[in-house]
Amino acid sequence: MQSEITIERIPARELYQFARRTMQDREHYPVLPIDPVRAKAQALNPAASDDSVGLLVAYNRAGRCIGYVGMLPCRAFVDGSLVPVLAPTTQFVHPDYRRKPPPGGMTVADMIYAEVLKTGLDLLITGFNEAGDRIYRRNPQWFTPLEPLTFLRIKLSKLQPTSTIMRRLAYHPRMRTLRPLFKGGYHLSQRTVDILLEPFVYRALRSRSTPPIGELAWRTVDRVKPPDVEDPSPSPGDIVYFHRGVDVINWMIANPWYSSRGSAADDYYFDQPREAFFFRAYECYHRNTDQRLGYAVLSFSKERGYTTMKVLDRHLAVEEPERFVFDLALREALRLNVNVIECSEDFLPIINAKKTLRALTDRFERPYYLAFAPDSPLKRAMDRIHLDYCDGERPFG
């Protein structure tokens, strides 16, 4: 089979043109490797260079697309330098080509990753499904597992009983004929009961150890900027981490991969239409001097009436910044009828200080793999790698 398969590398800068071409050639692309919305956004990635790979596509002997792996060019901060890294975003193989590899042979997915490794860049892999995990475990000569990252989910829906019941009824498969009625009840309960309960819920969840904002305030902005003052938090020392500068954050905010209308491509496997999806950036400033003290970014995604808010990038030049960011996230979650808050484990001390919050919070683990290039700087610094909730492509969806 391997002699019948060819792999094409698509540069990140050419993704949008490639996506448009595939939609006009459905004979050779019955499986669409990328849709125009995602392609247009990823082509603008400031972490990508002119020769960065954005997509690898597998073709059979007839030149028909049978699989692909999307790639997100990223950066790692290693010993004072930024090093280019690739992070898989999507992965798909046509069902007809998912058979087990022969002894000593490779599957289509194996062949694509073999081609990726020829780029000479390290791979950061997280957020994958069971099929992806089988590929990585099957190829230990390429992929090295790391300790998983723990993150948190705070289920505010447990404090929204009326709207939660209405939402479940509205989307229950046996309630289709009554769906408009229950949807109406769901939206009504959000606008009445949930709003009336908001100040009481906030006081119940707000930790006594959370400092008052005082002379500090938050405002929404279109783009984030670094603080005007020096960060008082201790230096990270010699840790190695996957870097997201303000250029990448602002690109993400301005170019979401999803829209409430869904994809323009009918046959794109990763088309995930959302009822709502957007990022919101906030700037922390001093009320009296207007001095900029940092920023925080939240994402909001609504599917089947269920809204998830993720606490993403944050950088505050204040003492104990997590407390200020968590207070912002909690206020916004209650104001915007969020059902669950997802955040990093950095906020656990704040949550543990309040019994009600602890009862609403569950811990989850996100596994990681790394694939090292020859002479990899990451491999030499593997014991110093610090993982983060915003690694790879996870913040984008």
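Not measured: the values here are computed from a predicted model.

Chemist: Whenever I open this one, the overall build of the chain confuses me. Can you help?
Modeler: Check the secondary structure of the chain and you find eleven helices and 14 strands. The buried share of the chain, taken over its 397 residues, is 52%. Nonlocal contacts in the chain, meaning residues at least 24 apart in sequence, comprise 73% of its contacts between residues at least 6 apart. Within the structure as shown, the chain displays about 19400 Å² of accessible surface, and the carbon and sulfur contribution to it stands at 50%.

Chemist: Honestly, helix α8 (residues 321-335) in this entry has me stumped. Any pointers?
Modeler: Helical geometry note: an α-helix holds 3.6 residues per turn, so side chains three or four residues apart project in the same direction. Compared with the 21 Å implied by 1.5 Å per residue over 15 residues, the 21 Å span of α8 between its first and last C-alpha is a close match. Here α8 lies mainly inside the structure; twelve of its 15 residues are buried. All buried positions along α8 are accounted for by Pro-321, Arg-323, Phe-324, Val-325, Phe-326, Asp-327, Leu-328, Ala-329, Leu-330, Glu-332, Ala-333 and Leu-334. Asn-337 sits one or two positions beyond α8 and adopts a positive phi of about 55 degrees.

Chemist: Help me out: how do you make sense of the packing of helix α3 (residues 108-117) against helix α4 (residues 130-138) in this one?
Modeler: Helices that pack against each other are described as a pair by the angle of their axes relative to one another and the distance between those axes. Relative orientation of the contacting elements α3 and α4 amounts to 65 degrees, with a least axis distance of 11 Å. One finds that α3 runs roughly perpendicular with respect to α4. At the point where α3 passes α4, the crossing takes the right-handed sense. Within the contact between the two elements, α3 uses Ala-109, Asp-110 and Tyr-113 and α4 uses Ile-135, Tyr-136 and Arg-138.

Chemist: Could you clarify how one ought to interpret the nonpolar core in this entry?
Modeler: Generally speaking, nonpolar side chains in soluble globular proteins are found buried as a group. Counting 32 residues, the largest nonpolar core has Ile-154, Trp-218, Met-309, Val-311, Phe-326, Ile-341 and Phe-347 as its most contacted members. The element contributing the most residues to this core is α8, with eight residues. One finds Leu-56, Ala-58, Val-69 and Phe-128 within the second-largest nonpolar core, a separate group that totals 27 residues.

Chemist: Looking at this structure, how should I read the packing of aromatic side chains?
Modeler: For any pair of aromatic rings, geometry is given as the distance between the ring centres together with the angle between the planes. With the rule as written, the count across this model stands at 18 aromatic pairs. Measuring from centroid to centroid gives 5.7 Å for Tyr-113 and Tyr-136, while their planes differ by 80 degrees, and the two rings are edge-to-face. Of this pair, Tyr-113 sits in helix α3 while Tyr-136 sits in helix α4; the two residues are 23 residues apart in sequence, bridging distant segments of the chain. Taken individually, Tyr-113 and Tyr-136 each receive the classification buried, so the pair is uniform in this respect.

Chemist: Can you walk me through the pairing of strand β10 (residues 292-303) in this structure?
Modeler: Within a regular strand, the side chains alternate between the two sheet faces. The element β10 is extensively covered by neighbouring structure, given that eleven of its twelve residues are classed as buried. With ten bridges connecting them, strand β9 (residues 276-286) and β10 associate as antiparallel partners. Its bridge partner being in β10, Phe-279 is matched across the sheet by Ser-299. The antiparallel pairing of β9 with β10 creates a hairpin that spans five residues between the two strands, and Asp-290 there sits at a positive phi of about 65 degrees. Pairing of β10 with strand β11 (residues 306-316), which is carried by nine bridges, proceeds in the antiparallel orientation. If you follow Leu-298 over to β11, its bridge partner there is Val-311. As consecutive antiparallel partners, β10 and β11 are separated by two residues, and within that stretch Arg-304 has a phi angle of approximately 50 degrees, a positive value.

Chemist: What is the right way to read α4 from this model?
Modeler: All buried positions along α4 are accounted for by Gly-132, Asp-133, Ile-135 and Tyr-136. Buried residues of α4, seen end-on, are gathered within an arc of 155 degrees and therefore sit on one face of the element. Facing away from the buried side of α4 by more than 90 degrees, the exposed set consists of Glu-130 and Arg-137. Taken together, the buried residues of α4 touch β4 (81-93), α3, β5 (122-126), β6 (143-155) and β13 (361-371). A distance of 3.2 Å separates the backbone nitrogen of Ala-131 from a side-chain oxygen at the start of α4, and that oxygen is part of Asn-129.

Criteria and cut-off values
Residues numbered from 1 in each chain as written. Predicted model: local features only at pLDDT ≥ 70, side-chain atom pairs only at ≥ 80, totals over all residues. Heavy atoms only, no water. Helix = DSSP H or I, 4+ residues; strand = E, 2+ residues; numbered from the N terminus. Buried < 20%, exposed > 50% of the residue type's maximum accessible area, 1.4 Å probe, protein only. Contact = heavy atoms within 4.5 Å. Areas by Shrake-Rupley, 256 points an atom, 1.4 Å probe, with all protein chains shown as cover. Expected span 1.5 Å × (residues − 1). Axes fitted to C-alpha atoms, helices over the stretch in contact; angles between N-to-C directions. Parallel < 35°, antiparallel > 145°, perpendicular 65-115°, else oblique. Left-handed = near helix turned anticlockwise from the far one by under 90°. Core = buried A, V, L, I, M, F, W, Y, C linked by side-chain atoms within 4.5 Å. Phe/Tyr/Trp six-rings, centres within 6.5 Å; stacked < 30°, edge-to-face > 60°. Pairing = 2+ DSSP bridges. Arc of directions from axis to C-beta. Polar contact = N/O pair within 3.5 Å; in protein donor to acceptor, adjacent residues only side chain to side chain.

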